[in-house]
Amino acid sequence: MSAPILHLDGLQMAFGAVQVLRGVDLTVREGESVAIIGPSGSGKSTLLRCLNRLETPTGGTVTFEGKAITETSDFNRLRMRMGMVFQHFNLFPHMTALGNVIEAPIHVLKQRRDEAEARGRDLLGKVGLLEKADAYPRQLSGGQKQRVAIARCMAMNPRLLLLDEITSALDPELVGEVLDVVRDLARQGMTMMLVTHEMRFAREVADRVVFMDGGVVVEAGPPEEIFTQPKSPRLRKFLTAVLEQVG
Amino acid sequence: MNDYLQLLQSYFPYIAKGAVVTLELTVLALLGSVVIGLSATFAKMSGLRIVGYIAGIYIELTRATPALLQLFIIYFGLTSFGIRLDPFTAAVITLSLVGGAYAAEIFRAGIEAVDRGQFEAARSLGMSTPLAMRRIILPQAGVIILPPFTNFIISMIKDTSLALTISVPEIMYRSYDASSQSYRSMAVYSMAAILYLAICLPLSRFAKSLERRRAAQ
Ligand SMILES: Nc1ncnc2c1ncn2[C@@H]1O[C@H](COP(=O)(O)OP(=O)(O)OP(=O)(O)O)[C@@H](O)[C@H]1O
Ligand SMILES: [Mg+2]
């Protein structure tokens with residue numbers, strides 16, 4: 001088995017009096033793709049946001065690349081190593097697709113512009129958008145925006161990719177093109193944690209599926225097990241509800 | 001009519017020279033306002049309690065008192081502490097302080113109007129807060145701020161007329177002067193009105209077109 005990249009031990013998060021994460025234990029290994037599923041409000045987004053410190057956990061420990069992340073850690077460095085793709089893309093509207101991709105490499109990693117641009121075009125090519133390099137976000141479809149957002153993340157060479165429901169703001173016919181890109185990344189051995197409502201996709205690309213409910217990990221295991229032999233009643237109930245929705 | 005043309009000939013150049021002073025006051029006070037306004041905005045957003053608190057007090061105090069009072073405090077009041085400013089400097093300082101408080105509110109509203117996700121995306125790429133501000137937030141806030149800031153420039157131009165009270169030779173001072181010499185108030189003040197309109201109307205047109213363009217998007 002490959003080495004663990006990320007280890008969570010009793011991770012807790014409260015917004016004021018509202019306890020959202022109640023002790024999450026989880027290990028993610030190099031090259032693994034972990035799908036996180038669970039009902040709305042179960043704390044999936046909060047979990048990802050605690051990892052790259054967009055939120056500050058209120059308890060427990062996070063170990064990333066062998067080092068405990070504490071209040072004194074360099075969060076900018078942490079975020080360079082841990083990319084995040086958002087549900088609503090959050091592309092920078094005043095920059096072209098290529099501009100979005102090269103922004104952090106130039107200003108954070110201090111790459112030379114020509115170097116960053118070459119790499120940026122390469123990455124846009126990989127998500128099938130080389131011809132859109134000079135387009136502004138408002139000229140792109142949702143699916144194209146999300147692919148640019150993924151390229152923007154990859155330009156930082158992250159060790160771990162956090163994907164939070166990256167297809168749920170998309171029209172159904174655009175979901176496929178984004179999932180294709182994620183599938184490719186998984187095949188190339190990118191380590192990732194993806195929160196998703198696409199059960200079929202989770203089953204297909206994930207090495208492991210984690211079911212969260214009420215701020216804890218209720219059940220985790222290989223996709224076949226989770227989807228065909230769910231043990232906990234809560235997971236069974238969730239799967240029944242989700243599968244009914246799909247019809 | 002002939003009479004008016006004659007008046008125009010004798011007083012317009014004199015009053016028009018005041019427009020230069022008005023514009024000088026405006027430009028310097030705007031620069032001061034932007035510097036003070038940005039400082040106050042960042043002080044409030046810094047998360048440093050005391051600094052933010054001081055900025056808050058400054059904004060409230062300046063906005064809750066008449067600009068004329070502040071001008072008199074700075075020009076006449078400060079003499080009690082041995083500080084004697086020339087009228088032009090006193091006017092620039094006062095208008096900068098007054099304008100800074102308004103500018104701070106415009107800047108804050110503009111920054112807050114930028115989608116929160118933009119800042120999060122920037123941070124998630126490893127950008128520091130100042131870098132994210134400079135490269136991601138401020139350019140977007142700038143576009144949002146432009147129409148209210150243009151309106152702010154217009155009020156600043158009009159507010160420079162307060163400097164008349166401490167004898168800065170801007171448009172109002174000179175037309176007041178001309179009117180008391182000529183006893184032709186209506187004619188003289190209409191010249192002043194023409195000068196203000198010539199400066200302010202294009203700006204207000206510009207602000208309106210910016211607003212229309214934003215609404216259309
Ligand atoms: N900034 C916040 N302030 C207060 N409460 C919050 C905040 N963010 C999230 N919460 C609460 O935390 C809980 C978990 O939210 P979270 O977004 O992590 O759930 P989720 O599993 O991602 O749900 P969904 O599937 O709907 O995206 C919810 O009850 C939510 O209302
Ligand atoms: Mg969520």
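Residues numbered from 1 in each chain as written. Chains lettered and ligands numbered in written order. Predicted model: local features only at pLDDT ≥ 70, side-chain atom pairs only at ≥ 80, totals over all residues. Heavy atoms only, no water.

(A) Expanded view of the sheet that holds strand E7 (residues 160-164) of chain A. Residues and elements named next belong to chain A. As summarised here, the arrangement of the six strands in space is E6-E7-E8-E3-E9-E10, forming an open sheet in which the pairing is mixed. A strand with exactly one partner marks an edge of an open sheet, and here the two such strands are strand E6 (82-85) and strand E10 (216-221). Taken pair by pair, the neighbouring strands of this sheet meet at an average axis angle of 20°, ignoring direction. Judged from the four bridges that link them, strand E3 (residues 33-37) and strand E9 (residues 208-213) form a sheet pairing that is parallel. Bridging from a neighbouring strand, Ile-36 pairs with Val-210 of E9. In this fold helix H5 (residues 142-154) packs onto E6 and E7, with an angle of close to 170° to the strand it touches most, E6. Contacts between helix H6 (residues 172-187) and the sheet are confined to E3, E7 and strand E8 (191-195), with E8 contributing the most and set at about 145° to the helix. (Pairing = 2+ DSSP bridges. Helix = DSSP H or I, 4+ residues; strand = E, 2+ residues; numbered from the N terminus. Axes fitted to C-alpha atoms, helices over the stretch in contact; angles between N-to-C directions. Contact = heavy atoms within 4.5 Å.)

(B) Just the interface of chain A and chain B, in detail. With 22 residues of chain A at the contact, the number on the chain B side is 18 residues. Across the chain A/chain B interface, buried area totals approximately 1,700 Å², and carbon plus sulfur atoms make up 58% of it. By the criterion of area lost to chain B, the three top residues of chain A are Arg-79, Phe-92 and His-94 of chain A, representing 27% of everything that side buries. Counting the contacts that link chain A with chain B gives two salt bridges. Linking Arg-49 of chain A and Glu-120 of chain B is a salt bridge whose minimum nitrogen-to-oxygen distance equals 2.7 Å. Taken together, the connections running from chain A to chain B amount to seven residue pairs in polar contact (both at pLDDT 80 or more). Looking at the side of chain A that touches chain B, the elements with two or more residues in it are helix H2 (75-81), E6, helix H3 (97-107) and H5 of chain A. (Buried area = accessible area lost by both parts, 1.4 Å probe. Salt bridge = Lys/Arg side-chain N within 4 Å of Asp/Glu carboxyl O. Polar contact = N/O pair within 3.5 Å; in protein donor to acceptor, adjacent residues only side chain to side chain.)

(C) Just the nonpolar core, in detail. Leu-6, Leu-8, Leu-51 and Met-193 of chain A are the most contacted members of the largest nonpolar core, which has 77 residues in total. A per-element tally of this core places helix H6 (residues 129-159) of chain B first, with 14 residues. Residues Leu-129, Met-154, Phe-201 and Val-209 of chain A belong to the second largest nonpolar core, which totals 53 residues. (Core = buried A, V, L, I, M, F, W, Y, C linked by side-chain atoms within 4.5 Å. Buried < 20%, exposed > 50% of the residue type's maximum accessible area, 1.4 Å probe, protein only.)

(D) Quick peek at the site of ligand 1. All names here are of chain A. Around ligand 1, the surrounding shell consists of Phe-15, Val-20, Pro-39, Ser-40, Gly-41, Ser-42, Gly-43, Lys-44, Ser-45, Thr-46, Glu-165 and His-197. Lys-44 places a polar side-chain atom, nitrogen or oxygen, 2.8 Å from an oxygen atom of ligand 1. Element by element, the count of residues in the shell around ligand 1 is highest for helix H1 (residues 44-51), at three residues. Here the shell around ligand 1 is built from residues that sort into three nonpolar, seven polar and two charged. (Near = heavy atom within 4 Å. Nonpolar A, V, L, I, M, F, W, Y, C, P; charged D, E, K, R; others polar.)

(E) How the structure looks around the environment of Leu-129 of chain A. Relative to the assigned elements, Leu-129 of chain A resides in the loop between helix H4 (113-126) and H5. C-alpha separation for the pair Leu-129 of chain A and Glu-32 of chain A, spaced 97 residues apart in sequence, amounts to 26 Å.

(F) Representation of the side chain of Glu-219 of chain A in the model. Residue and element names in this part refer to chain A. Examined against the element boundaries, Glu-219 turns out to sit in strand E10. Although Glu-219 is buried, it makes no salt bridge; Lys-231 carries the closest opposite charge, 4.3 Å away. A polar contact of 2.9 Å, which involves the side chain of Glu-219, links it to the backbone nitrogen of Lys-231. Filtering out sequence-adjacent residues up to four positions away, Glu-219 remains in contact with Val-209, Val-210, Phe-211, Ile-226, Gln-229, Pro-230, Lys-231, Ser-232 and Leu-235. (Lys, Arg positive; Asp, Glu negative; His and termini not counted.)

(G) Seen up close, the packing of aromatic side chains. Residues and elements named next belong to chain B. The full count for this structure, using the stated rule, is five aromatic pairs over all chains. Plain terms: the ring middles of Phe-72 and Phe-76 are 5.2 Å apart, the flat faces sit at 80° to each other, and that makes the pair edge-to-face. Here Phe-72 falls in the partly exposed class, since its relative accessible area comes to 32%. On the basis of an interplanar angle of 70° and a centroid distance of 4.8 Å, the ring pair of Tyr-75 and Phe-76 is categorised as edge-to-face. Through a chain of ring-to-ring contacts, three or more aromatic side chains come together here, namely Phe-72, Tyr-75 and Phe-76. Over the face of the ring belonging to Tyr-102 we find Arg-63, whose NZ or CZ atom lies 4.4 Å from the ring centre. Above the face of the Tyr-14 ring, Arg-174 is positioned so that its terminal group lies 4.9 Å from the ring centre. (Phe/Tyr/Trp six-rings, centres within 6.5 Å; stacked < 30°, edge-to-face > 60°. Lys NZ or Arg CZ within 6 Å of the ring centre and 35° of its normal.)

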